[in-house]
Amino acid sequence: SRHFMAIGLVYDGHAQHFPPASARATHIETPERVSVIYRALGKARLLDRLTRVAPREATRAEAEAVHTAEHLDALEALADAEPSLRGAWRGGAGGGWSLGRDMFHDAQTACAARRAAGGVVALTEGVLRGEISSGFALVRPPGHHACEDRMAGFCFLNSVAVAARAALSPRGGLRRVLVVDWDVHHGDGTQAIFEEDPAVLFFSLHRFGRGFFPGTGAASCVGGGAAAGRTVNVPFRREGMGDAEYLAAFDALLLPIARALPSSSSPPRAHPRLARDWAESRREPSTRSSSSSRPASTRREATGWAGWTSPRAGSRGWR
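Scoring rules and cut-offs
- Residues numbered from 1 in each chain as written.
- Predicted model: local features only at pLDDT ≥ 70, side-chain atom pairs only at ≥ 80, totals over all residues.
- Heavy atoms only, no water.
- Pairing = 2+ DSSP bridges.
- Helix = DSSP H or I, 4+ residues; strand = E, 2+ residues; numbered from the N terminus.
- Axes fitted to C-alpha atoms, helices over the stretch in contact; angles between N-to-C directions.
- Contact = heavy atoms within 4.5 Å.
- Buried < 20%, exposed > 50% of the residue type's maximum accessible area, 1.4 Å probe, protein only.
- Phe/Tyr/Trp six-rings, centres within 6.5 Å; stacked < 30°, edge-to-face > 60°.
- Lys NZ or Arg CZ within 6 Å of the ring centre and 35° of its normal.
- Salt bridge = Lys/Arg side-chain N within 4 Å of Asp/Glu carboxyl O.

Enquirer: What's the story with the sheet that holds strand E7 (residues 134–138) in this structure? I'm lost.
Expert: Hydrogen bonds between backbone atoms are what pair the strands of a sheet, whose relative direction is either parallel or antiparallel. Taking strand neighbours across the sheet as the criterion, the 3 strands line up as E2-E1-E7 in an open arrangement whose pairing is parallel. Two strands close off the open sheet at either side, each with one partner strand: strand E2 (50–52) and E7. When strand polarity is set aside, the average angle formed by the axes of neighbouring strands in this sheet is 30 degrees. In this structure, strand E1 (residues 7–11) lies alongside E2, joined through 3 bridges in parallel fashion. The partner of Ile7 across the bridge, within E2, is Leu50. Its contacts with the sheet put helix H4 (residues 109–128) on E1 and E7, and the angle it makes with E7 is roughly 170 degrees.

Quick look at the structure:
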């Protein structure tokens, strides 16, 4: 008989990464964003059924498998910077912090970002070792807007990308990874990181059009080079998409595409018109998400491997 496999939970209740006092009452990326979910799990009596996985900090080598050294140095420099609200950060000539108020940082931001990414890696390692069958990383700050050389959209390190690259490393032992992002916003950072990596299939469902942040994620974006066809975007152009629409997208698009992946290195060709036409056909939302009064408003990302075959010295703060 098949044995029950435990579901893992990473929760870092000590991630002290706060908006400045002037914005603490109104900013949406606060510690309460994860503590409320944790309390809800307790209220539903689910915590005792989950296997706790201890969070840890991502190492410099793990982060550099995704991000540039300049990116990581800029993140570390925040430990000595005056806490403030800023725009995005981009590396390269003429780069640096832009004006804006969506990003905030304090002395603990770099540590919190490392622990968020490291927590997702720890959960992934538990799955790969067979200690848990799956897991949920309840961590912050979020990550899917962070590119290899850009911090944006509350995101400093791309935690899912760091975990995926760890799984694909010689130590992780996998040959392919599927990343499914069903946040209401497009995971532009994750797409940019993997758009030419044939080992990763990136699938995203999100709001699109009419200036909706971040403005990326058209169905015509399917990846490039050897990874052409391994980026699949399902852009919803209407509000109110909920359980029925998301489950239908999984059944009609995600599962058939994932199952069609060949065992060889040649990538599948996902026709962009299929995803675009399917998303645009969902003109009238049939229901709202059962998990929130605001449809799909909570960031949800997952990495999965079911059915799939299987640098530089650290600076201050890195292991």
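Enquirer: Help me understand the environment of Ala63 in this model?
Expert: Here Ala63 lies in helix H2 (residues 60–64). We classify Ala63 as buried; its relative accessible area is 1%. Separated by 96 residues in sequence, Ala63 and Ser159 place their C-alpha atoms 8.7 Å apart.

Enquirer: How should the packing of aromatic side chains be read in this particular structure?
Expert: To describe a pair of aromatic rings, you give the distance between the ring centres and the angle between the ring planes. According to the stated counting rule, one finds 3 aromatic pairs in the structure shown. Ring geometry for Tyr11 against Tyr38: centres 4.1 Å apart, planes inclined by 10 degrees, an arrangement best described as stacked. Taken as a pair, Tyr11 in strand E1 and Tyr38 in helix H1 (residues 32–43) lie far apart in primary sequence, 27 residues in all. Overall, Tyr11 belongs to the buried group, its relative accessible area being 16%. Both rings, one in Phe236 and one in Tyr246, keep their centres 5.4 Å apart while their planes meet at 45 degrees; by these two values the pair is tilted. Residue Phe236 is located in strand E11 (residues 231–236), and its partner Tyr246 is located in helix H7 (residues 243–259); the two are separated by 10 residues in the primary sequence. Tyr246 shares its class with Phe236; the two are buried. Here Arg207 stacks its cationic end above the ring of Phe212, 4.4 Å away from the centre of that ring.

Enquirer: Looking at this model, I keep getting lost on the pattern of salt bridges. Mind explaining?
Expert: Two side chains of opposite charge can pair, provided their charged atoms sit close to one another. Considering all chains together, one arrives at 12 salt bridges under this definition. Note that Glu64 is salt-bridged to Arg60, the shortest N-O span being 3.2 Å. One end of the pair, Glu64, and the other, Arg60, are both in helix H2, 4 residues apart, so they sit about a helical turn from each other. Given the relative accessible area of 18%, Glu64 is considered buried. A residue is classified by how much of its surface remains accessible, and Arg60, at 0% relative accessible area, is buried. Residues Arg129 and Glu131 are paired through a salt bridge, measuring 2.9 Å at the closest nitrogen-oxygen approach. Through salt bridges with shared partners, a single network forms among Glu29, Arg33 and Arg140.

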